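Each chain, written out:
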Amino acid sequence: MVLIEISNLTKLYKSGRSTIRAVDGLDLIVHKGDFLAIVGPSGSGKSTLLQLLGCLDKPTSGDIKIDDKDITRLNDRKLADLRQKKIGFIFQSFNLIPTLTARQNVEAAIAKRGRNDKTGTLEVLEKVGLAERANQLPSLLSGGEQQRVAIARALINKPEIILADEPTGNLDSQTGKMIFDLLHQLSKSENTTVIVVTHDLSIAGQTDKTYHLKDGKLS
Ligand SMILES: Nc1ncnc2c1ncn2[C@@H]1O[C@H](COP(=O)(O)OP(=O)(O)OP(=O)(O)O)[C@@H](O)[C@H]1O
Ligand SMILES: [Mg+2]
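The following paragraphs examine the structure supplied in this document. This structure is a prediction, so every number in the text was calculated from the model and none was measured. (Residues numbered from 1 in each chain as written. Chains lettered and ligands numbered in written order. Predicted model: local features only at pLDDT ≥ 70, side-chain atom pairs only at ≥ 80, totals over all residues. Heavy atoms only, no water.)

Considering helix H2 (residues 76-86)
Turn by turn, an α-helix covers 3.6 residues, leaving residues three or four places apart pointing in a common direction. To keep things clear, this is the line we draw: Under the scheme applied here, a residue whose accessible area is under 20% of the maximum for its type counts as buried, over 50% as exposed, and between as partly exposed, the area being computed with a 1.4 Å probe on protein chains only. The secondary structure listing takes helices from DSSP runs of H or I that are at least 4 residues long and strands from runs of E that are at least 2 residues long, numbered from the N terminus. Note that the arc is computed from the directions linking the helix axis to the C-beta atoms. In what follows, residue pairs with any heavy atoms lying within 4.5 Å of each other are defined as contacts.
Listed as buried for H2 are Leu79, Leu82 and Lys86. The arc that holds every buried residue of H2, seen down its axis, measures 65 degrees, which confines them to one face. Looking at H2, the residues exposed on the side facing more than 90 degrees away from the buried face are Asp76 and Arg77. If you follow the buried residues of H2, they end up packed against strand S4 (61-66), strand S6 (87-90) and strand S7 (161-165).

Structure representation (structure tokens):
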């Protein structure tokens with residue numbers, strides 16, 4: 001089943017008098033449950049593509065359909081709503097709130113049903129193997145543990161799609177592999193679609209498919 005269909009996607013940035021074509025006429029089809037890697041040199045547009053897919057930014061032109069709905073036509077409120085319901089984001093630098101415990105970081109991401117309904121928080125922390133550290137502040141957790149909290153936070157709203165931008169970039173190779181295996185397992189056991197941007201070719205080699213981003217296009 002096709003979940004995401006991207007056609008002729010373009011994102012231009014103006015830089016002084018020149019124009020940067022970060023994404024340039026890109027096409028991509030992603031099926032439900034796919035586990036994909038996108039690789040490419042620094043500046044090739046990987047983060048830009050992920051931000052467009054994650055409804056964090058709008059393209060200059062082209063279409064992104066999720067579940068056959070063109071998200072580039074949605075207004076900001078509807079985009080935010082779609083993002084909360086369908087998409088979980090994971091970043092290289094974890095992006096946890098330092099003053100909140102692991103558990104509170106996950107709770108802070110609970111969408112819609114209201115912040116008072118905290119069901120599921122311990123289950124997702126359990127899923128990433130961190131239930132016992134639920135009450136720790138991020139500063140007391142290792143990098144791998146912090147990234148697992150970030151994954152739990154991405155999972156709390158049961159997203160159909162997980163977008164991960166260099167999720168192992170700040171971790172040693174062994175911890176990185178553990179995080180990667182966790183994402184892999186999630187894609188297989190819950191049929192979650194996972195798209196990972198990475199420089200690490202050994203990681204890219206283990207996904208269902210690997211795309212190379214160059215000159216704003218995938219091959
Ligand atoms: N907000 C912005 N304004 C202007 N130019 C931008 C902006 N964001 C990205 N760019 C430019 O677009 C191009 C693609 O950037 P992007 O961050 O997507 O690359 P990347 O592949 O993620 O690189 P890295 O591997 O270093 O994270 C770069 O040339 C970058 O300088
Ligand atoms: Mg990037």
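A word on the sheet that holds strand S10 (residues 217-218)
The following threshold applies: One bridge is not enough; two strands pair if DSSP finds at least two bridges between them. Axis definition: a line fit to C-alpha positions, over the contact stretch in the case of helices; interaxial angles, taken between N-to-C directions, run 0 to 180 degrees.
Strand order across the open sheet formed by six strands is S6-S7-S8-S3-S9-S10, with mixed pairing between neighbours. Each edge of the open sheet is held by one strand with a lone partner, namely S6 and S10. Here S7 runs beside strand S8 (residues 193-197); their pairing, made up of five bridges, is parallel. Its bridge partner lying in S8, Ile162 is registered against Val194. Packing of helix H5 (residues 143-155) onto the sheet brings it into contact with S6 and S7, and relative to S6 it is tilted by some 165 degrees. Relative to strand S3 (residues 35-39), helix H6 (residues 173-189) is tilted by about 135 degrees, and along the sheet it contacts S3, S6, S7 and S8.

Section: the sheet that holds S4
Reading across from one edge, S2-S1-S4-S5 is the order of the four strands in this open sheet, with antiparallel pairing throughout. Looking at the sheet topology across the chains shown, the edges are occupied by strand S2 (18-31) and strand S5 (69-70). Note: strand S1 (residues 2-15) against S2, eleven bridges, orientation antiparallel. Counterpart to Lys14 in the pairing with S2 is Thr19.

A short note on the site of ligand 1
What counts is decided by this rule: We call a residue near a given molecule or strand whenever any one of its heavy atoms falls within 4 Å of it. For the purposes of these results, a polar contact is taken to be a pair of N or O atoms within 3.5 Å, where, inside protein, one atom must be able to donate a hydrogen and its partner to accept one; residues adjacent in sequence count only when each atom of the pair is a side-chain atom. Here the Shrake-Rupley method, with its probe set to 1.4 Å, supplies the accessible areas, and only the displayed protein chains count as covering residues.
Around ligand 1 sit Tyr13, Ile20, Ala22, Pro41, Ser42, Gly43, Ser44, Gly45, Lys46, Ser47, Thr48 and His199, and that is every residue in its neighbourhood. Within the backbone of Gly43, an N or O atom sits 2.8 Å from an oxygen atom of ligand 1. In the environment of ligand 1, an oxygen atom lies 2.6 Å from a nitrogen or oxygen atom belonging to the side chain of Thr48. Taking 630 Å² as the accessible area of ligand 1 by itself, protein coverage stands at 60%.

A few points about unusual backbone geometry
Its identity as a non-glycine residue notwithstanding, Lys158 has a phi of 50 degrees, on the positive side. Inspection of the secondary structure puts Lys158 in the loop between H5 and S7. Note on Lys158: relative accessible area 71%, which makes it exposed. Phi at Asp215 is positive, roughly 50 degrees, even though this residue is not glycine. Of note, Asp215 is situated in the loop between strand S9 (209-214) and S10.

Side note on the environment of Ser173
Position of Ser173 among the secondary structure elements: in helix H6. C-alpha of Ser173 to C-alpha of Ile203: the two residues are 30 residues apart in sequence and 9.9 Å apart in space.

Some thoughts on the pairing of S3
Of all five residues in S3, five are buried; the element is thus mostly enclosed. Residues Phe35, Ala37 and Val39 point to one face of S3 and Leu36 and Ile38 to the other, with burial holding for every one of them. In this structure, S3 lies alongside S8, joined through four bridges in parallel fashion. Residue pairing for S8: Ala37 is matched across the bridge by Val196. Two strands pair when backbone bridges link them, and S3 and S9 are joined in this way by four bridges, in the parallel orientation. Note on S9: the bridge partner recorded for Ala37 is Thr210.

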